[in-house]
Structure formats: C-alpha cells, structure tokens
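# A structural walkthrough
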There are 2 protein chains.
Amino acid sequence: MSTEGSRRRDVTVADVAKAAKVSKAQAARALGNYGAVSDDVRERVLAAAEELGYRPNELARSMNTGRSNTLGVVVGDIENPHFGLATRGITDTAKKSGYNVILINTDEEKQAEVDAVRVLLDKRVDGLIVAPASSTDFPHLREVQESGRPLVLLDRAAEGLEVETFAVDMGPVSYESTKQLIGLGHLRIAFVSTLKSEQPYREGMALESSQIADRVDGMRRAFQEQALPFPADLVRLNAGDAGSIKAVARDLVTGPDPATAIIASDGLIALSVVEAIQESGLRIPDDISFIMYDDFAWTRLISPPLTVIAQPVYEMGRAAASALIRKIEGRPAAASGPELHPRLIQRGSVGAPRTALEGTLSLG
Amino acid sequence: MSTEGSRRRDVTVADVAKAAKVSKAQAARALGNYGAVSDDVRERVLAAAEELGYRPNELARSMNTGRSNTLGVVVGDIENPHFGLATRGITDTAKKSGYNVILINTDEEKQAEVDAVRVLLDKRVDGLIVAPASSTDFPHLREVQESGRPLVLLDRAAEGLEVETFAVDMGPVSYESTKQLIGLGHLRIAFVSTLKSEQPYREGMALESSQIADRVDGMRRAFQEQALPFPADLVRLNAGDAGSIKAVARDLVTGPDPATAIIASDGLIALSVVEAIQESGLRIPDDISFIMYDDFAWTRLISPPLTVIAQPVYEMGRAAASALIRKIEGRPAAASGPELHPRLIQRGSVGAPRTALEGTLSLG
DNA sequence: CTGAAAGCGCTAACAG
DNA sequence: CTGTTAGCGCTTTCAG
C-alpha cells in the first residue's frame, strides 16, 4: 500500500570513519564536535558523512553522555487552552536552549500521572515539569527528587515538597472578587471546578488541588470577614465534560435558593456554564453575575464581556522551563523569577443581584 | 537553593542480578518480561528489583530493540485550539497503544519544521505525524520516507508525496458556503488566513498550503460559476498576531469598496476579526456577514452565534495516530479510515448585504 | 592530534 | 530453563 522504504540499516560513525579513512574515534570527534581534530581530518569526515547521509543516533549519544536534551512535561489536559498556552511557553523556551519536549496528558487522573512520571524518568529525560493533579498526595514526585532528576512544578503546588513552583497565588484575588460580589449584595456565590473529589464539598474540607483550595479559601475569608455564612453548598466539584457542567449550572440557578453569582474555575467550565445560563433564559448580569478564571479573547466578544481573573499563563510556562533548564545545566537560580500575579479584569458580567434589597448588609 | 539529590548512579540489571544471585541475562529476562524464566528466579529478581528501586533504562532498551515507543508530532502552533484538540486526539490514541509523544512546534516556519523532523529522526522516534507548513516544498518529508520511518500527515497534504494524509477536503464546503453568500447578494467576500506568503494574493496564484489553496479554490469556483469576478483583492494572507489580523480586518471593512462578508481561516483569526468588527461599530450580520472555519464552543455564545465550518479535529488526530501506529507495527491498513468530513453549521452570522439591492444577480 | 579499546545498560543469539 | 558472549552506536579513557 505504500513506499515502505525497507528501513535500511542506518549509517554509523564506523561507516563514516571507514569512508574517510580515519579511526572511529576521530570520526566521532569530528562528527560530535568535541575533542581535538585536525582540519584535514574534520574535512574528510564531514565530507564522507554528507556523502553517506550520516545522521547521529541520539539514543546512543544520550546513553553515553547521560543527557537526552529532552524535557518531560506532564499536564492535566492539553486540550484546555490554559495548558495549551502554558505548553507553548514551555516549548518555546525549551527550543531556544536546544531542548525537546515529551508531553504527557493525564486527564487529571492520579494514576496516569504516576505512570507518566515513571515513563519519563525511564526515558531519561533531563528534567520534569509537572502540573500535579494532587497537591497533597505525590509519592511519585518524591520519587523524582530521589532520582536526582531536576523537577519544577507548574500551576499547582505540592505541599511540603521542596521544589520550585510556578503558579500564581489565587488566594488574594479570590478574596477580593468575592468581597466585591458581597459588596454588591451577593450572598449566594457559587464556584464550579473540575477538581475530582469523592465527596461533595463541605465547609472546611481539604481540597486536593492547592490552586482550587486557595480560591475557595479566598471566598470563605471574604464571607467570614463580613460575618456572613459561606454558601458551601454552592461549591461544586467534579464538573467534568460539557454535559455535566451544564447540569451543574442549571442546578445552581434553579431551586428555592439559587446562586446569584457564579465563578467558573477555568475557560472550559465557563463556556458550558454561560451556555447553560443563556439556555435557561437568564441574563448576565441582570439575573446572575459571572466571573471566570483565565482571560481568553472570546470573553471580550460575548455580551456582556466577561469579568475575568487573568493570569500570566504563557509566562508561567516560560518561567518553569527556564528554571528547569537552569537546574539541569547546574547554573545558579536567577536572582528573582518573574512576578506571577493574577489580575481581576472588570468587564460587564458582574452586577447587583435581583435580591439585593432583601440582603442584610453592612460592609467596611 | 534545593535538594539536589546528588544524582546517584542508577541501579542496573547487573545490580539486580547480583542481588538476586542470578545471571545478568536471567535478571534482564525477568525484568524485561521476555524469554523463559522460572517462577523462582522471576520472584527473586522482582523482589531484588523492588528492593533496590530498579528502573529500566529505556534508552538502552531502545538501542537494542530499535524501537522507542515514541511518536514524533510536528505542528504549527499548539496554542491554537485547533492543534490542541488534534494533539489530544493523538496523545489519547498513542497512550492507549503504549506510545509517548514528542511534540514540536514550528510556528509554521519552514526551517523549524525541517529541523524538527531531523531531530525526531535522530531521536529515533518510531514514526512521525506532521502537519506540513508547505504542501509544495518538503524535501524533509522525502527524507523521512527514505529513512524508512513511518510517516503520516495531518491537516494538510503534500502534493505528489505518497503518504497517508488525514485532513478534510475543504474544497466543496468552501464552494457551498461561498455560493450561499453569493446567493444572498454578496460580491465582496473576503478570506483571511495566517498562511505566510512573500507576495500578496493574486488570482490564480499557487498557495503553499493545500488546506488554504482548497478553500480559496472553492470560493473561486463559486464565483466563476456565476460568471462573477472573483474579488482576489480580498484574499488576505500573512495575518499573523492579533494586532495584524485586526489591522487587516479594519482595512477590509473600510474604504470605497469594502467586503460585505468575511471568512476567517481559523478560530484565532476569527477572534481578532470579530473584535475588530465590533470595535469599528459594525454589526454582524446586518453590516457584514461572517463565517469561520472550526467550531468552538465560544462561537455559540457570542451574539449573533457564528456560522461555522466544523471539522472533526479530534478525530483527525485520533485517526492519524492510529494509522501511524498500525504502520509502525506492520499491521495492514484499516479497511476504511473514518470519514473526515467538514460541515457548514448555519447560525446567525450570515445575512444579506446592505448593498444587495445594487447587485446584479441571477442565480441557478 | 590520533587510534585502540573499554564501556554505557540492555537485548539477543548461542550453547548448555 | 540458565548462563556466556556479543553486540547496539556512540563517547571516553589512555597510550602513543
């Protein structure tokens, strides 16, 4: 059915050496660009290599040098633009320094992540960047550290693990935005996340992802500060595919005591939540206020444009990769990494709730 | 600054063999799960391996077997959701068959693609999936074929190269949608693409990307059929970053003879074009009609929802990966691959042009 | 500067 | 079933 090209034996240094009439060692030196080689020899070797179509076998090279010039990257979902952008930051940076990237998708599945890390280690990548699915349970990350291979974390922290982490601290913005919503009269503020959890959220429950934990925590602080009860029943985890997210959203806006504001944990969730809201005939922000994490171009295009919490995603990827490469090459850590700060961007999706009049408020 | 873990020497089969008091060969067989090993030996070896924390060196393994269980994937821009989704299709499929993926981004730069392919070949990936930046100039793809390594193409064709290609044929839909626009009275239909080109488009000019060539061609056919002049001046290439796309869009809708309809070649372009349209105070579809390639969730959320040309992107990735793996493993090609068809989804962004009354029409 | 030889960690004959 | 002996293609001593 096709030109199967008979996978003919690759030409090796030995072949080149013979053709150039020098020793294998000299040929290797000329080809690998190391050691001492006379101009004459180099020329002959290079010519022979060209002639024969020699290509180095990087596997063999890596075996000897112990370096593969490859970075392992483990993320939850490359389809999610958040990670798409971060990955771009990583690959761009890697390429600049001559590294390649092996990318593994875990679907935020813990076991898949463990396997991924192991495979990468076995493949002898020079270092790893992982966005850990769990910030509390990570024996595989410890394993990486024990192996001595450089590791940096992206997007989420691993509590108690001594490792450079490139993530923004969402606590403060979450607090701020919640406070603002409360100030407008919102008491029923929902939060929707894909975070997997065996049980539904209960107040004070430990959350596996530091990223999500910080966000919920910021919300709670804002409520506490006003001595208002935190609507824990509106924190919804396990929002998986579009269908289930929409179901959650519908549930949130219906019923006797519906949410008057919804915060979506990422762009994919936001898309489905907004769709569900539109379908149920409610209007943003008149009937319900809306905030999402991450700032994508489409959020400016819909009406009203969405109020978002932006984070420097590309920059995070870039910073993670360059820190990792520094570690790999044994260079000292940069004096100070880039500041990775989130930012609340006010647009048009937040307003006072219809029930504002009923609320008992007194804000500082 | 951190726990540098002293990268201690890895434990090898030899170490395990010694600990288990068997020969290296037997240990290797037990560990590698091949050959004949008695239960007793296997047990002792596995126990010793566990004890010592043995991990196989996949590099060494690959050197011997000639298989790395790795697929090389070369795309233009992983940040573009189109490729994000396709990549997801690839990685999901690869994982199921036990393959990993090395991903390289070319930024649609021809030289970067050549380098990418070479690096992948040198790293001895088992096969390659590439979305070629050029459908007309691809010595590096020939090189791959000569190397005998399996190759499949994604998203774009390479004219004259005998290679399985997973892309949808956009000719017919492009023709259809253009015809429809013409039917509504549009004569000034623009097409905006990121395709790089030294020169601005002129009618009949050969386009480097088969994908784009097909689309423009479909448009031309529709005009020709109606004996209408094809507005070649409205085909805009080189639309790079958001800023330049917006500039192009502004240019299209201004001037003495502006476009009355715009077709965006992908989601990223669409985002910027729609934004530019909104900013210039024009309304879709009253002032200008709009169609984009690819169907993303956000296109349903903006008002009016966008008319799009959907394509099975994930499926393309999936199909490409599974075909490649089949080739690698020497299995016969599937009787028939999945049908990869595009589909025009009518939503609300297309209407009659304001100038419809002036047009001289007579459609079949 | 050059070449011979050893070895990276593993698999693959080949005899027992 | 088991052990011995060769390599895979390259880098790296170590002598010259």
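Residues numbered from 1 in each chain as written. Chains lettered and ligands numbered in written order. Predicted model: local features only at pLDDT ≥ 70, side-chain atom pairs only at ≥ 80, totals over all residues. Heavy atoms only, no water.

## Let's talk about the overall build of chain A
Scanning chain A from terminus to terminus reveals 13 helices and 11 strands. Against the 2.2 N^0.38 benchmark of 21 Å for 364 residues, chain A shows a C-alpha radius of gyration of 26 Å, more extended than a compact globule. Across its three principal axes, chain A shows a C-alpha extent of roughly 95 × 50 × 35 Å. Buried positions account for 54% of the 364 residues belonging to chain A. Of the roughly 15,500 Å² that chain A leaves accessible, carbon and sulfur atoms contribute 51%. If you average the places of the 41 positive and of the 49 negative side-chain charges in chain A, the two averages end up 7 Å apart. (Helix = DSSP H or I, 4+ residues; strand = E, 2+ residues; numbered from the N terminus. Rg over C-alpha atoms; globule rule 2.2 N^0.38 Å. Buried < 20%, exposed > 50% of the residue type's maximum accessible area, 1.4 Å probe, protein only. Areas by Shrake-Rupley, 256 points an atom, 1.4 Å probe, with all protein chains shown as cover. Lys, Arg positive; Asp, Glu negative; His and termini not counted. Charge placed at Lys NZ, Arg CZ, Asp CG, Glu CD.)

## Some points on the relation of the copies chain B and chain A
It takes a turn of 180° to lay chain B on chain A, together with a shift of 0.1 Å along the axis; the resulting RMSD is 0.1 Å. A rotation of that kind, with that shift, is consistent with a two-fold axis. Of the interface residues in chain B, 100% have counterparts in chain A that sit at the interface too, so the contact is made through matching surfaces. (Least-squares fit on C-alpha atoms with pLDDT ≥ 70 in both. Contact = heavy atoms within 4.5 Å.)

## A short note on the protein's contact with DNA strand D
Val13 and Tyr54 of chain A together with Arg29, Ser38 and Asn64 of chain B are the nearest of the 24 residues found near DNA strand D. Here, DNA strand D places atoms within 4 Å of the protein, and 58% of those atoms are sugar or phosphate. Residue valine 13 of chain A places a main-chain N or O atom 2.6 Å away from a phosphate oxygen belonging to DNA strand D. Those elements giving two or more residues to the surface near DNA strand D turn out to be helix H2 (24–32) and helix H4 (58–65) of chain A together with helix H2 (24–32) and helix H4 (58–65) of chain B. With four residues, H2 of chain A is the largest single contributor of residues to the surface near DNA strand D. Its residues assigned to classes, the surface near DNA strand D shows 13 nonpolar, seven polar and four charged. (Near = heavy atom within 4 Å. Polar contact = N/O pair within 3.5 Å; in protein donor to acceptor, adjacent residues only side chain to side chain. Nonpolar A, V, L, I, M, F, W, Y, C, P; charged D, E, K, R; others polar.)

## Things to note about the confidence of the model for chain A
The predicted structure's coordinates, where accompanied by low pLDDT, should not be read in detail. Residue and element names in this part refer to chain A. Chain-level statistics for chain A give a pLDDT mean of 92 and a share of 95% at 70 or above. A low-confidence stretch, residues 1–6 stays under pLDDT 50, and its non-local contacts, those more than four residues away or across chains, total 10 contacts. Counting contacts from residues 358–364, a segment whose pLDDT is below 50, to residues more than four positions away or on other chains yields nine contacts. (pLDDT = per-residue confidence, 0-100.)

## Structural notes on the UniProt feature "domain: HTH lacI-type" (unreviewed entry) in chain A
Mapped onto the present numbering, the UniProt feature "domain: HTH lacI-type" (unreviewed entry) falls on residues 11–65 of chain A. Overall, residues 11–65 of chain A shows 71% helix and 0% strand. The separation of its end C-alpha atoms is 21 Å. (UniProt positions renumbered as here; feature names shortened; annotations may be inferred.)

## Comments concerning the interface of chain B and chain A
Taken residue by residue, the interface counts 61 residues in chain B and 61 residues in chain A. Carbon and sulfur atoms supply 51% of the area that chain B and chain A bury against each other, a total of about 5,900 Å² over both sides. Counting across the interface, chain B meets chain A through 12 salt bridges. With a closest N to O distance of 2.7 Å, aspartate 107 of chain B and arginine 88 of chain A form a salt bridge. (Buried area = accessible area lost by both parts, 1.4 Å probe. Salt bridge = Lys/Arg side-chain N within 4 Å of Asp/Glu carboxyl O.)

## Brief notes about helix H10 (residues 242–253) of chain B
In an α-helix, one turn spans 3.6 residues, which is why side chains three or four residues apart end up on the same side. Residue and element names in this part refer to chain B. With 12 residues, H10 should reach 16 Å at 1.5 Å per residue; the first-to-last C-alpha distance of 17 Å fits that figure. Within the sequence span of H10, burial applies to Ile245, Lys246, Val248, Ala249, Leu252 and Val253. Buried positions in H10, seen along its axis, are confined to an arc of 160° and lie on one side of it. Summarising the contacts, the buried residues of H10 are in contact with strand S6 (189–192), strand S7 (235–236), strand S8 (261–264) and helix H11 (267–279). (Expected span 1.5 Å × (residues − 1). Arc of directions from axis to C-beta.)

## Side note on the protein's contact with DNA strand C
Taken together, the neighbourhood of DNA strand C is formed by 24 residues, with Arg29, Ser38 and Asn64 of chain A together with Val13 and Tyr54 of chain B sitting nearest. Take the atoms of DNA strand C that sit within 4 Å of the protein: sugar and phosphate atoms are 61% of them. At 2.6 Å, a side-chain N or O of arginine 29 of chain A approaches a base nitrogen of DNA strand C. Of all elements in the fold, only H2 and H4 of chain A together with H2 and H4 of chain B reach the threshold of two or more residues within the surface near DNA strand C. The leading source of residues in the surface near DNA strand C is H2 of chain B, at four residues. Taken together, the residues that form the surface near DNA strand C break down as 13 nonpolar, seven polar and four charged.

## A word on empty space enclosed by the protein
Summary: where empty space remains is shown by rolling a probe the size of a single water molecule over the atoms. Evaluated as defined, the whole model comprises five cavities of 30 Å³ or more. Here the largest cavity is characterised by a volume of approximately 190 Å³. What lines the largest cavity is a set of 16 residues, and nearest its centre among them are Leu59, Ile102 and Lys123 of chain A together with Leu59 and Lys123 of chain B. When contributions to the lining of the largest cavity are tallied by element, the ones reaching two or more residues are H4 of chain A together with H4 of chain B. (1 Å grid on protein atoms, 1.4 Å probe; cavity = no way out; pocket = protein on both sides within 12 Å on 5 of 7 lines; lining within 4 Å. Points joined across faces, edges and corners; volume = space filled by probe spheres on them.)

## Some thoughts on the side chain of serine 349 of chain A
Residue and element names in this part refer to chain A. With respect to the element layout, serine 349 can be found in the segment after strand S11 (343–345). Serine 349 gets classed as buried once you look at its relative accessible area, which sits at 0%. A distance of 2.5 Å separates the side chain of serine 349 from the backbone oxygen of phenylalanine 290, its partner in a polar contact. Polar contacts involving the side chain of serine 349 include one to the main-chain amide nitrogen of threonine 307, which spans 2.8 Å. Not counting residues up to four positions away in its chain, the partners in contact with serine 349 are Ile284, Pro285, Ile288, Ser289, Phe290, Pro304, Pro305, Leu306 and Thr307.

## Let's talk about the domain arrangement of chain A
The extent of an interface is frequently quoted as the accessible surface area lost upon association of the parts. Partitioning chain A into domains gives domain 1 (13–56), domain 2 (70–168 + 313–340) and domain 3 (171–310 + 344–356). Between domain 1 of chain A and domain 2 of chain A, the C-alpha centre-to-centre distance is 37 Å. (Domains from an automatic or database assignment.)

## Some remarks on the side chain of serine 147 of chain B
Residue and element names in this part refer to chain B. Its place among the elements puts serine 147 in helix H7 (residues 139–147). Exposure remark for serine 147: the relative accessible area of 13% places this residue in the buried category. A distance of 2.6 Å separates a polar side-chain atom of serine 147 from the backbone oxygen of valine 144.

## Observations concerning the pairing of strand S8 (residues 261–264) of chain A
Residues and elements named next belong to chain A. Across the two faces of S8 the burial is the same, with Ala261 and Ile263 and Ile262 and Ala264 all buried. Sheet topology places strand S6 (residues 189–192) next to S8; four bridges connect them, and they run parallel. Directly across from alanine 190, in S8, lies its bridge partner isoleucine 262. Alignment of S8 against strand S9 (residues 289–293), held across four bridges, turns out to be parallel. Bridging from a neighbouring strand, isoleucine 263 pairs with isoleucine 291 of S9. Regarding the hand of the β-α-β motif, the stretch spanning S8, helix H11 (residues 267–279) and S9 is right-handed. (Pairing = 2+ DSSP bridges. Right-handed = clockwise from strand over helix to strand, strands pointing away.)

## Here's the deal with the packing of aromatic side chains
What describes a pair of aromatic rings is the distance from one ring centre to the other and the angle between the planes of the rings. Residues and elements named next belong to chain A. A full pass over the atoms with the stated rule returns three aromatic pairs over all chains. Arranged with centres 5.6 Å apart and planes meeting at 65°, the rings of phenylalanine 223 and phenylalanine 230 form a pair that is edge-to-face. Per residue, the accessibility class of phenylalanine 223 equals that of phenylalanine 230, and both read buried. These aromatic residues form a ring-pair network of at least three members: Tyr201, Phe223 and Phe230. Cation over ring: arginine 215 sits above tyrosine 293, and NZ or CZ is 3.8 Å from the ring centre. (Phe/Tyr/Trp six-rings, centres within 6.5 Å; stacked < 30°, edge-to-face > 60°. Lys NZ or Arg CZ within 6 Å of the ring centre and 35° of its normal.)

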